[in-house]
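# Examination of the molecular architecture
Chain by chain, the residues run as shown.
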Amino acid sequence: MFAVLKTGGKQYKVQAGDVLRVEKLACEAGDKIQFNDILMVGGESVTVGAPFVAGAAVQAEVIAQIKGEKVVHYVKRRRKHSSQRTKGHRQQLTLLRVTDVLASGAEASGVAAATGTADARRAAHNASAKE
């Protein structure tokens, strides 16, 4: 059974046992998380969501928080100014191992939903504002 999930603005086709690198999520190594934004579930029969499949989820275990490979941005201006600039960037990523693909019953699983770091900061800010 496979599923197509959406996280971090990207879509991934996964099945149980896959290891994937996604945009940084608000979780620690060893945590069990669940992706609820499932676009399609396939296997013996294919279910396509509109836009998401109701009740479907992908459960994964967090292996580590890592950094991606370095991307170098080099700018050179020619002619009169002759200026050069080099900038580097390493994207923050989360390494996951997919443990299970659920076609239904995701609400009753009791596993925490996967949220990005921006969502986690927003939730923490709103929680502290209420107190």
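Residues numbered from 1 in each chain as written. Predicted model: local features only at pLDDT ≥ 70, side-chain atom pairs only at ≥ 80, totals over all residues. Heavy atoms only, no water.

## Considering unusual backbone geometry
In plain terms, the rule: Under the DSSP-based scheme used, a helix requires at least four consecutive residues in state H or I and a strand at least two consecutive residues in state E, with every element numbered from the N terminus.
In this structure, Pro 51 follows Ala 50 across a cis peptide bond, with omega equal to 0°. With respect to the helices and strands, Pro 51 occurs in the loop between strand E6 (47-48) and strand E7 (57-67).

## Quick word on the packing of aromatic side chains
So the rule is basically this: The pairing test for Phe, Tyr and Trp rings, Trp by its six-membered ring, is centres within 6.5 Å, and the orientation test on the planes gives stacked under 30 degrees, edge-to-face over 60, and tilted for anything in between. Criterion for a charge above a ring: Lys NZ or Arg CZ within 6 Å of the ring centre, and within 35 degrees of the ring normal.
Summed over the entire model, instances satisfying the criterion amount to 0 aromatic pairs. The aromatic ring of Phe 2 is capped on one face by Lys 13, whose charged end is 4.7 Å from the ring centroid.

## Comments concerning the environment of Leu 5
Note the following rule: The contact rule is simple, with two residues in contact once any of their heavy atoms fall within 4.5 Å.
Within the secondary structure, Leu 5 sits in strand E1 (residues 2-7). Between the alpha carbons of Leu 5 and Val 58 there is a distance of 7.7 Å; along the sequence they are 53 residues apart. Those residues in contact with Leu 5 that lie beyond four places of it in its chain are Lys 10, Gln 11, Tyr 12, Val 14, Phe 35, Asp 37, Ile 38 and Val 58.

## Considerations on the pairing of E7
Defined as follows: Strands were regarded as paired on the criterion that DSSP finds at least two bridges between them.
In terms of strand pairing, strand E4 (residues 32-35) meets E7 through 4 bridges, oriented antiparallel. Bridge pairing links Lys 32 to Glu 61 in E7. Bridge analysis of E7 against strand E10 (residues 92-102) gives 10 bridges, and the strand direction is antiparallel. Bridging across to E10, Ala 64 finds its partner in Leu 95.

## So, the pattern of salt bridges
Our working rule: A pair is scored as a salt bridge if a Lys or Arg side-chain nitrogen falls within 4 Å of a carboxyl oxygen belonging to Asp or Glu. Here's how the labels work: a residue is buried when its accessible area is under 20% of the maximum for its type, exposed when over 50%, partly exposed in between, all with a 1.4 Å probe on protein chains only.
As enumerated under the stated definition, the model contains 2 salt bridges in all. With a closest N to O distance of 2.9 Å, Glu 23 and Lys 10 form a salt bridge. Of the two residues, Glu 23 sits in strand E3 (residues 19-23) while Lys 10 sits in strand E2 (residues 10-15), which places them 13 residues apart along the sequence. According to the relative accessible area criterion, Glu 23 is partly exposed, its value standing at 22%. Overall, Lys 10 belongs to the partly exposed group, its relative accessible area being 35%.

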